[in-house]
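Chains, contacts and geometry: an overview
Spelled out from the first residue to the last, the chains are:
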Amino acid sequence: METKPGEKETPATFGGLEIRREAWVLRNTDDAATGSACAEFINLNVDQGFYSIFFRKAPWDVSRWPCVSFNYRFKQAGCALNLSMLVNDAMTIVEWTNKNIEGGYFAPSVVGVSEPYALQDDAWHETSFDLRNMLLKTRFTNGLPPTGLIAAELSTWATAVNGHGYVNPKDARLYIDNFTIYSNKGKDPAFTWSATADDGGYAVVFDQKPDTVPPENVTHTEAKASFPNTAPGTWFLHVRSCSKANAWSPVAHKKITIEP
Ligand SMILES: [Ca+2]
(Lines give C-alpha, C1' and ligand atoms only; values in the text may rest on other atoms or scores of the structure.)
Protein backbone atom coordinates (compact mmCIF):
# COMPACT_ATOMS: atom_id res chain seq x y z
CA MET A 1 0.00 0.00 0.00
CA GLU A 2 1.25 3.50 -0.80
CA THR A 3 0.58 6.73 1.01
CA LYS A 4 0.03 9.96 -0.86
CA PRO A 5 2.26 13.00 -0.26
CA GLY A 6 1.31 14.60 3.05
CA GLU A 7 -0.77 11.61 4.12
CA LYS A 8 0.21 9.87 7.35
CA GLU A 9 0.88 6.15 7.36
CA THR A 10 -1.34 3.87 9.43
CA PRO A 11 0.09 0.94 11.43
CA ALA A 12 -1.11 -1.33 8.60
CA THR A 13 0.85 0.50 5.89
CA PHE A 14 3.88 1.00 8.13
CA GLY A 15 4.22 -2.71 8.87
CA GLY A 16 6.73 -2.23 11.66
CA LEU A 17 7.73 -3.39 15.12
CA GLU A 18 6.70 -6.97 14.62
CA ILE A 19 8.29 -10.32 15.30
CA ARG A 20 10.62 -11.69 12.67
CA ARG A 21 12.47 -14.61 14.26
CA GLU A 22 13.27 -15.89 17.76
CA ALA A 23 12.30 -12.74 19.60
CA TRP A 24 9.29 -11.00 21.10
CA VAL A 25 8.33 -7.36 20.74
CA LEU A 26 6.07 -5.80 23.35
CA ARG A 27 4.69 -2.38 24.23
CA ASN A 28 6.37 -1.20 27.44
CA THR A 29 4.67 1.55 29.43
CA ASP A 30 7.18 1.51 32.34
CA ASP A 31 10.01 3.17 30.43
CA ALA A 32 10.42 5.57 27.50
CA ALA A 33 12.99 7.86 25.91
CA THR A 34 10.15 10.34 25.44
CA GLY A 35 6.44 10.18 26.10
CA SER A 36 4.94 7.32 28.09
CA ALA A 37 5.85 4.12 26.21
CA CYS A 38 8.49 2.38 24.14
CA ALA A 39 8.95 -0.94 22.34
CA GLU A 40 10.68 -3.79 24.17
CA PHE A 41 12.66 -6.37 22.16
CA ILE A 42 13.22 -9.68 23.99
CA ASN A 43 15.67 -12.36 22.90
CA LEU A 44 14.10 -15.82 23.20
CA ASN A 45 17.02 -18.09 22.52
CA VAL A 46 20.23 -18.87 24.39
CA ASP A 47 22.34 -20.31 21.58
CA GLN A 48 22.55 -19.16 17.98
CA GLY A 49 19.30 -17.18 18.25
CA PHE A 50 18.42 -14.61 15.61
CA TYR A 51 16.96 -11.95 18.01
CA SER A 52 15.23 -10.43 15.01
CA ILE A 53 12.46 -7.81 15.14
CA PHE A 54 11.25 -5.77 12.19
CA PHE A 55 11.57 -2.01 12.70
CA ARG A 56 9.82 -1.59 9.37
CA LYS A 57 8.77 -4.31 6.97
CA ALA A 58 7.14 -2.21 4.23
CA PRO A 59 9.29 -0.75 1.42
CA TRP A 60 10.35 2.89 1.30
CA ASP A 61 12.11 5.16 -1.20
CA VAL A 62 15.67 5.72 0.10
CA SER A 63 16.36 8.66 -2.24
CA ARG A 64 13.36 10.50 -0.82
CA TRP A 65 13.79 9.32 2.81
CA PRO A 66 17.50 8.51 3.26
CA CYS A 67 17.96 8.77 7.04
CA VAL A 68 17.01 6.50 9.94
CA SER A 69 17.18 7.32 13.64
CA PHE A 70 15.91 5.90 16.92
CA ASN A 71 16.50 5.93 20.67
CA TYR A 72 17.67 2.71 22.34
CA ARG A 73 18.49 1.33 25.77
CA PHE A 74 20.18 -2.04 26.36
CA LYS A 75 19.19 -3.42 29.77
CA GLN A 76 22.36 -5.59 29.81
CA ALA A 77 25.70 -5.66 28.02
CA GLY A 78 26.86 -8.32 25.60
CA CYS A 79 24.40 -8.09 22.70
CA ALA A 80 25.66 -8.42 19.12
CA LEU A 81 23.15 -7.07 16.61
CA ASN A 82 23.26 -5.77 13.07
CA LEU A 83 20.65 -3.60 11.41
CA SER A 84 19.67 -5.76 8.46
CA MET A 85 17.57 -4.81 5.42
CA LEU A 86 17.02 -5.40 1.73
CA VAL A 87 18.02 -2.68 -0.74
CA ASN A 88 16.79 -3.40 -4.26
CA ASP A 89 16.36 -6.98 -2.98
CA ALA A 90 20.02 -7.37 -1.92
CA MET A 91 20.94 -8.04 1.72
CA THR A 92 22.33 -4.85 3.26
CA ILE A 93 23.91 -4.56 6.71
CA VAL A 94 24.46 -1.45 8.82
CA GLU A 95 26.67 -2.38 11.77
CA TRP A 96 25.23 -1.33 15.11
CA THR A 97 26.71 -2.95 18.22
CA ASN A 98 30.07 -4.07 16.82
CA LYS A 99 32.18 -4.70 13.75
CA ASN A 100 31.40 -7.88 11.81
CA ILE A 101 34.08 -10.55 11.62
CA GLU A 102 36.39 -10.36 8.59
CA GLY A 103 35.32 -13.07 6.16
CA GLY A 104 32.13 -13.68 8.15
CA TYR A 105 28.70 -14.25 6.66
CA PHE A 106 27.60 -10.61 6.88
CA ALA A 107 30.88 -8.87 5.95
CA PRO A 108 30.23 -8.59 2.18
CA SER A 109 26.88 -6.87 2.84
CA VAL A 110 28.12 -4.17 5.23
CA VAL A 111 27.59 -0.62 3.90
CA GLY A 112 28.42 1.34 7.06
CA VAL A 113 28.15 1.83 10.81
CA SER A 114 25.37 3.49 12.75
CA GLU A 115 27.98 5.51 14.64
CA PRO A 116 29.15 5.33 17.29
CA TYR A 117 28.85 1.59 18.01
CA ALA A 118 25.98 1.10 20.44
CA LEU A 119 26.52 1.80 24.13
CA GLN A 120 25.13 -1.07 26.21
CA ASP A 121 25.00 0.64 29.60
CA ASP A 122 21.29 0.59 30.55
CA ALA A 123 20.85 4.27 29.60
CA TRP A 124 18.93 5.87 26.73
CA HIS A 125 20.93 6.91 23.66
CA GLU A 126 20.15 8.02 20.12
CA THR A 127 21.65 6.64 16.93
CA SER A 128 21.20 7.62 13.29
CA PHE A 129 22.56 6.87 9.84
CA ASP A 130 22.20 8.13 6.28
CA LEU A 131 21.55 5.00 4.21
CA ARG A 132 21.73 6.79 0.87
CA ASN A 133 25.20 8.21 1.65
CA MET A 134 26.39 4.78 2.81
CA LEU A 135 25.21 3.18 -0.43
CA LEU A 136 26.87 5.91 -2.54
CA LYS A 137 30.20 5.30 -0.76
CA THR A 138 30.11 1.49 -1.00
CA ARG A 139 27.77 -0.27 -3.38
CA PHE A 140 27.07 2.46 -5.92
CA THR A 141 30.33 4.43 -6.24
CA ASN A 142 29.55 5.07 -9.93
CA GLY A 143 26.17 6.59 -9.12
CA LEU A 144 22.80 5.37 -7.98
CA PRO A 145 20.91 2.89 -10.16
CA PRO A 146 18.42 4.53 -12.57
CA THR A 147 15.65 2.35 -11.20
CA GLY A 148 16.04 4.07 -7.82
CA LEU A 149 16.66 2.75 -4.33
CA ILE A 150 13.98 0.79 -2.52
CA ALA A 151 14.69 -0.51 0.98
CA ALA A 152 12.50 -2.90 2.97
CA GLU A 153 12.52 -5.33 5.90
CA LEU A 154 14.67 -3.23 8.23
CA SER A 155 15.22 -5.33 11.32
CA THR A 156 17.63 -6.33 14.03
CA TRP A 157 19.56 -9.51 13.25
CA ALA A 158 22.06 -11.26 15.51
CA THR A 159 25.68 -11.33 14.41
CA ALA A 160 28.84 -13.00 15.66
CA VAL A 161 31.59 -11.18 17.53
CA ASN A 162 34.13 -13.98 17.99
CA GLY A 163 33.52 -16.55 15.26
CA HIS A 164 31.44 -18.84 17.47
CA GLY A 165 27.96 -17.96 16.34
CA TYR A 166 25.35 -15.62 17.77
CA VAL A 167 25.93 -14.46 21.31
CA ASN A 168 23.01 -12.36 22.55
CA PRO A 169 22.24 -13.20 26.19
CA LYS A 170 19.14 -15.32 26.79
CA ASP A 171 16.20 -13.09 27.74
CA ALA A 172 18.15 -9.97 26.68
CA ARG A 173 16.03 -6.80 26.81
CA LEU A 174 16.40 -3.91 24.41
CA TYR A 175 14.13 -0.85 24.51
CA ILE A 176 13.45 1.19 21.36
CA ASP A 177 11.67 4.53 21.02
CA ASN A 178 11.08 7.23 18.39
CA PHE A 179 12.01 5.11 15.39
CA THR A 180 11.97 7.52 12.42
CA ILE A 181 12.73 7.39 8.69
CA TYR A 182 13.29 10.91 7.40
CA SER A 183 15.05 13.37 5.11
CA ASN A 184 17.38 16.22 6.09
CA LYS A 185 16.15 18.27 3.13
CA GLY A 186 13.57 21.00 3.72
CA LYS A 187 14.05 24.35 5.44
CA ASP A 188 10.86 24.64 7.50
CA PRO A 189 11.36 22.49 10.62
CA ALA A 190 8.30 22.05 12.84
CA PHE A 191 8.08 20.31 16.20
CA THR A 192 5.41 19.01 18.52
CA TRP A 193 5.90 17.50 21.97
CA SER A 194 3.84 15.66 24.57
CA ALA A 195 1.80 17.99 26.76
CA THR A 196 0.38 17.19 30.18
CA ALA A 197 -2.76 18.65 31.75
CA ASP A 198 -0.55 20.45 34.27
CA ASP A 199 1.43 22.40 31.65
CA GLY A 200 0.91 26.16 31.85
CA GLY A 201 3.28 27.05 29.00
CA TYR A 202 6.68 26.46 27.48
CA ALA A 203 10.00 28.25 27.12
CA VAL A 204 11.43 27.43 23.69
CA VAL A 205 14.79 28.30 22.11
CA PHE A 206 15.95 27.12 18.68
CA ASP A 207 19.66 27.72 18.06
CA GLN A 208 22.92 26.06 17.04
CA LYS A 209 24.23 25.24 20.55
CA PRO A 210 23.65 21.79 22.10
CA ASP A 211 23.13 22.78 25.77
CA THR A 212 21.14 26.03 25.79
CA VAL A 213 18.86 26.44 28.82
CA PRO A 214 15.83 28.59 27.89
CA PRO A 215 15.19 31.43 30.37
CA GLU A 216 12.13 31.08 32.61
CA ASN A 217 9.76 33.01 30.36
CA VAL A 218 6.83 31.42 28.57
CA THR A 219 7.36 31.83 24.82
CA HIS A 220 4.78 29.26 23.60
CA THR A 221 1.42 28.33 25.07
CA GLU A 222 0.81 25.34 22.78
CA ALA A 223 3.02 22.23 22.59
CA LYS A 224 4.36 23.03 19.15
CA ALA A 225 6.82 25.35 17.43
CA SER A 226 7.92 25.93 13.83
CA PHE A 227 10.87 27.77 12.33
CA PRO A 228 10.26 28.59 8.66
CA ASN A 229 13.14 29.33 6.32
CA THR A 230 15.91 27.98 8.57
CA ALA A 231 19.44 28.07 7.12
CA PRO A 232 21.29 24.78 6.47
CA GLY A 233 23.36 23.44 9.36
CA THR A 234 23.00 21.64 12.68
CA TRP A 235 20.26 23.01 14.92
CA PHE A 236 18.92 22.29 18.39
CA LEU A 237 15.45 22.72 19.85
CA HIS A 238 15.43 23.38 23.61
CA VAL A 239 12.14 23.16 25.52
CA ARG A 240 11.14 23.54 29.18
CA SER A 241 7.62 23.39 30.49
CA CYS A 242 6.18 25.57 33.23
CA SER A 243 3.46 24.05 35.41
CA LYS A 244 0.30 25.91 36.33
CA ALA A 245 1.88 26.32 39.79
CA ASN A 246 4.84 28.05 38.07
CA ALA A 247 7.41 25.22 38.51
CA TRP A 248 9.91 24.90 35.66
CA SER A 249 10.94 21.51 34.26
CA PRO A 250 14.43 20.40 33.21
CA VAL A 251 15.34 21.10 29.57
CA ALA A 252 14.73 18.66 26.73
CA HIS A 253 17.04 19.01 23.70
CA LYS A 254 16.52 17.74 20.15
CA LYS A 255 19.19 17.94 17.44
CA ILE A 256 18.31 18.19 13.75
CA THR A 257 20.37 18.67 10.58
CA ILE A 258 19.26 20.70 7.58
CA GLU A 259 21.11 19.88 4.35
CA PRO A 260 21.61 22.60 1.73
CA1 LIG B 1 7.84 6.94 23.47
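Residues numbered from 1 in each chain as written. Predicted model: local features only at pLDDT ≥ 70, side-chain atom pairs only at ≥ 80, totals over all residues.

1. Quick notes on the overall build of the protein
Formally: Helix and strand assignments follow DSSP, with helices taken as H or I runs no shorter than four residues and strands as E runs no shorter than two, numbered in order from the N terminus. Within these notes, the globule rule equals 2.2 Å times the number of residues to the 0.38 power, and the radius of gyration is based on C-alpha atoms. Any residue whose C-beta has 12 or fewer other C-beta atoms within 10 Å is treated as exposed, any with 20 or more as buried, and any in between as partly exposed, C-beta atoms being built from the backbone. C-beta atoms are first placed from the backbone for all residues, and any pair lying within 7 Å is then listed as a contact.
When helices and strands are counted, the protein shows two helices and 17 strands. By the compact-globule yardstick of 18 Å for 260 residues, the protein fits well, its C-alpha radius of gyration being 20 Å. When the backbone C-alpha atoms are referred to their principal axes, the protein occupies close to 60 × 45 × 35 Å. The buried share among the 260 residues of the protein stands at 25%. Relative to all contacts within the protein whose residues are 6 or more apart in sequence, the contacts with residues 24 or more apart total 69%.

2. Quick look at the nonpolar core
Going by this rule: Core membership is restricted to buried Ala, Val, Leu, Ile, Met, Phe, Trp, Tyr and Cys residues, and these are joined into a nonpolar core through C-beta atoms within 7 Å.
Grouped together as the largest cluster of nonpolar side chains are 40 residues, with contacts concentrated most on Leu 174 and Ile 176. Every residue in contact with Leu 174, bar those within four places of it in the chain, is listed here: Phe 41, Tyr 72, Phe 74 and Cys 79.

3. Considerations on the domain arrangement of the protein
Heads up, the condition is: Domain limits in this description derive from either an automatic procedure or a database domain assignment.
Entries for the protein in the domain assignment read domain 1 (11–182) and domain 2 (190–258). Distance from the C-alpha centre of domain 1 to the C-alpha centre of domain 2: 30 Å.

4. Observations regarding the sheet that holds strand S14 (residues 199–207)
Rule in force here: A strand pair is defined by DSSP finding two or more bridges across the two strands. Each axis is a line fitted through C-alpha atoms, and for a helix only the stretch in contact is used; angles between axes span 0 to 180 degrees, taken between their N-to-C directions.
Read across the sheet, three strands follow the order S14-S16-S17 without closing on themselves; strand pairing throughout is antiparallel. Looking at which strands have only one partner, the edges of the open sheet turn out to be S14 and strand S17 (252–258). Recorded for the sheet is a direction-independent mean angle of 20° between the axes of neighbouring strands. Sheet topology note: the strand S16 (residues 233–243)/S17 ladder contains seven bridges and is antiparallel. Counterpart to Val 239 in the pairing with S17 is Ala 252.

5. Concerning the sheet that holds strand S3 (residues 38–43)
Across the sheet, which stays open at both edges, the five strands sit in the order S2-S3-S12-S6-S10 with antiparallel pairing between neighbours. Each of the sheet's edge strands pairs with one partner strand only, and the pair in question is strand S2 (23–28) and strand S10 (125–130). Here the strands of the sheet are splayed against their neighbours by 30° on average, with no regard to which way each runs. Where strand S6 (residues 67–74) lies against strand S12 (residues 173–182), seven bridges are found, and the strand directions are antiparallel. In the sheet register, Val 68 faces S12, and the bridge partner there is Ile 181.

6. A short note on unusual backbone geometry
The peptide bond linking Glu 115 to Pro 116 adopts the cis configuration, its omega dihedral lying at -10°. Turning to its location among the elements, Pro 116 is positioned in the loop between strand S9 (110–113) and S10. The backbone of Asp 171 shows a phi angle near 65°, a positive value even though the residue is not glycine. On the secondary structure map, Asp 171 appears in the loop between strand S11 (150–158) and S12. You can call Asp 171 exposed: it has 12 C-beta atoms within 10 Å.

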